[in-house]
Every structure is written in structure tokens, then in C-alpha cells.
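Fold and geometry: a report
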Amino acid sequence: MIARHSGGGPSIGFDLPSGPGTYILVLKLHWECVIDVGALGEITFPPGFWLYCGSAIGAGGLAARIAHHARFAERPRWHVDYLRFAGTPVEVWYIESEEKYEHEWAAILAGIEGVEEDAPGFGSADCGCASHLFHTDREDIFDIFSSLTGGEVKVAAAVRSGG
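Below, the structure is looked at part by part. For clarity, every value in this text was computed on a predicted model and none was experimentally measured.

Let's talk about the overall build of the chain
Across its full length, the chain holds 4 helices and 11 strands. Against the compact-globule benchmark of 15 Å for 163 residues, the chain has a radius of gyration of 15 Å, which places it among compact chains. Oriented by its inertia axes, the alpha-carbon framework of the chain measures out at about 40 × 35 × 30 Å. The buried share of the chain, taken over its 163 residues, is 46%. Only carbon and sulfur atoms are counted for the fraction: they give 49% of the accessible area of the chain, which is about 7,800 Å².

This is the structure we're talking about:
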């Protein structure tokens, strides 16, 4: 199933399954920005790659959740919806499973050299994780993450069309 947003500018889509799973949405910020992230207040986001860990267990699974994240939310529901106003989705790393791995994946990312938790509490209000959002400039981050998770994580690259 294609998770796609088409409205205002080029369409951004991902070819993802509609079943449940855990994902990391990779956003690229090209410049530093300050964003008011709801109850978290203003957060400064430096340029680079931002990795958001989440799960999609409900209706529509991975495809529906990432389609939501690919568009600009009129009323932001999740913290990542605020970051989406400045960041461009470039990849989704995912695994199909009824089991949620987002907390385990957040711990793995937190332990990788060159990966920073620059937004405490982001996406982790309902759990004990320090954050579900990580910042890095590493171009090899997927290879490292994949090796630490057993190599079963898949990648879906953003597909842009129109404009």
C-alpha cells in the first residue's frame, strides 16, 4: 500500500504495508529552527537527520500512520507533527509486527556514538523513555542501527512527485 500525501507542494509517499509495526521516521532539517512543540514548549532543532521512533498498531497500520506523518497536520496530534512543519521525510525504517519495539529502538539509538537526545520528553510522554526523537549527522546511521537490531529492519525511501 502506498502511504501518500498530496496537497500543497510535491506529494511525498512511502510504499509501506497496511499491517501493524514499529517505525523510525527519518526527517531532514536543512537549517536550525525553533518550534513550539505543544506542552513541551519551544525547542531548538539543529540541522541534520532527526529520527522519530513510533509504533502503528491500529487501523491502517504503518501505511496510515506514515501517511499522517507525511502531511502537514492541521491540528498536530503527536509531537512529531510539529517537527514535520520544518522537516522533510526522507525514509522510514520499519518492521511488521504486533509487538511494539519503539522503546527498545529508542534505547539502541541512544547508545550510538554521534546520536543525540536533543529533545527530552519528545514522543515519550506515555512511557519511561527519555525521548523518542534523536538527532544525528551520521550518513551511516541506518547501517549501524540495522546491525544492532539483527538486520531485519526494512527501509522505505520517500517518493516525491508533482509539485
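Moving on from the model shown.
Some details on helix α3 (residues 102–110)
Residues Glu102, Trp105, Ala106, Ile108 and Leu109 constitute the buried set of α3. The buried residues of α3 occupy an angular sector of 160° when projected down its axis, which confines them to one face. Residues of α3 that are buried sit in contact with β3 (21–29), β6 (48–56), β7 (88–96), β8 (115–116), β9 (133–136) and α4 (141–148).

So, the nonpolar core
Core analysis: the largest hydrophobic core is formed by 27 residues, its most contacted members being Tyr23, Phe45, Leu83 and Phe122. Elements with a minimum of two residues in this core: β2 (11–15), β3, β4 (33–36), β5 (42–45), β6, α1 (61–70), α2 (79–83) and β7. With 4 residues, the top contributor of residues to this core is β3. Leu83 has contacts with Leu27, Leu29, Ile35, Phe45, Trp50, Phe122 and Leu133, leaving out every residue within four places of it along the chain. If you look at the next biggest cluster of nonpolar residues, it comprises 18 residues, including Val26, Ile95, Ile141 and Phe142.

Some thoughts on the packing of aromatic side chains
In this description, an aromatic ring pair is defined by two values, namely the gap between the centres and the angle between the planes. Following the criterion strictly, the structure yields 7 aromatic pairs and no others. Ring geometry for Tyr23 and Tyr52: centres 6.4 Å apart, planes at 50°, overall tilted. Residue Tyr23 is found in strand β3, and its partner Tyr52 is found in strand β6; the two are separated by 29 residues along the sequence. Note on Phe72 and Phe85: the rings are 6.1 Å apart at their centroids and 5° apart in plane angle, and the pair reads as stacked. With Phe72 in the loop between α1 and α2 and Phe85 in the loop between α2 and β7, the pair connects residues that are 13 residues apart, well separated along the chain. Look at Phe72 and you get partly exposed, because its relative accessible area is 39%. Put simply, the rings of Trp93, Tyr101, Trp105, Phe142 and Phe145 touch in pairs and so form one group of aromatic residues. Sitting over the ring of Phe49, Lys28 keeps its end group 4.4 Å from the ring centre. Between the NZ or CZ atom of Arg84 and the centre of the ring of Phe72, over which it lies, the distance is 4.3 Å.

The rules behind the values
Residues numbered from 1 in each chain as written. Predicted model: local features only at pLDDT ≥ 70, side-chain atom pairs only at ≥ 80, totals over all residues. Heavy atoms only, no water. Helix = DSSP H or I, 4+ residues; strand = E, 2+ residues; numbered from the N terminus. Rg over C-alpha atoms; globule rule 2.2 N^0.38 Å. Buried < 20%, exposed > 50% of the residue type's maximum accessible area, 1.4 Å probe, protein only. Areas by Shrake-Rupley, 256 points an atom, 1.4 Å probe, with all protein chains shown as cover. Arc of directions from axis to C-beta. Contact = heavy atoms within 4.5 Å. Core = buried A, V, L, I, M, F, W, Y, C linked by side-chain atoms within 4.5 Å. Phe/Tyr/Trp six-rings, centres within 6.5 Å; stacked < 30°, edge-to-face > 60°. Lys NZ or Arg CZ within 6 Å of the ring centre and 35° of its normal.

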